[in-house]
Amino acid sequence: MPQFEAVTLAGGRWSGDLEGNVTLINIWATWCTPCRYEIPDLIELKSAWGPKGFEVLGVSVDNAGTAPQIQEFVRNFEINYAVIHDPGMTTLDAFNTTVVPTTVLVDRDGNVRWYHIGPVSSDDPELIDLLTELLGPASPSTTVSF
């Protein structure tokens, strides 16, 4: 997995440790309309697969100084996964993209196993097959409504 720099929404340095989980890294921004549309799907994926050792990591590429707005956004959308802030946009370079949202799935060994440009869907067959391969069947989830 490429290295990148980010900070927590509280302003501390993000360690970059994915702790051996299968992690979906979602590069997004608060001003990005497609990013807003995919959030319920990301919440659903985290709810369904989280008990199996799955994490979602939202990486906001909003401008520097916008952490309070990102925190409010996270609260308003009731995001159930970790969100960090990359105002330097190093993630875009690290994952060789200029598009938000861009999402990658990283396995327990830190290998990128899936790369997707555009909004993620919780019922994407390719993603579900790969998650099942890496984690086993999903846990029953509750429906998320907005």
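The following refers to the structure shown. The structure displayed is predicted, hence computed values, not measured ones.

Another point: the nonpolar core. One finds Leu24, Leu45, Phe54, Leu105 and Leu131 to be the most contacted residues of the largest nonpolar core, which totals 43 residues. Sorting the residues of this core by element identifies strand 2 (22-28), helix 1 (33-49), strand 3 (54-60), helix 2 (67-76), strand 4 (82-85), strand 5 (102-106) and helix 4 (125-135) as the ones contributing at least two each. Here the element with the most residues in this core is helix 1; it accounts for seven residues. The contacts of Leu105, once residues within four sequence positions are left out, are Val22, Thr23, Leu24, Phe54, Asn111, Val112, Arg113, Trp114, Leu127, Leu130, Leu131 and Leu134.

Right, let's talk about the side chain of Thr30 for a bit. By secondary structure assignment, the location of Thr30 is in the loop between strand 2 and helix 1. A relative accessible area of 15% means that Thr30 is categorised as buried. A distance of 2.8 Å separates polar atoms of two side chains, one belonging to Thr30 and the other to Asp62. Beyond its immediate stretch of four places on either side in the chain, Thr30 contacts Arg36, Asp62, Ile70 and Phe73.

Conventions we followed
Residues numbered from 1 in each chain as written. Predicted model: local features only at pLDDT ≥ 70, side-chain atom pairs only at ≥ 80, totals over all residues. Heavy atoms only, no water. Core = buried A, V, L, I, M, F, W, Y, C linked by side-chain atoms within 4.5 Å. Buried < 20%, exposed > 50% of the residue type's maximum accessible area, 1.4 Å probe, protein only. Helix = DSSP H or I, 4+ residues; strand = E, 2+ residues; numbered from the N terminus. Contact = heavy atoms within 4.5 Å. Polar contact = N/O pair within 3.5 Å; in protein donor to acceptor, adjacent residues only side chain to side chain.

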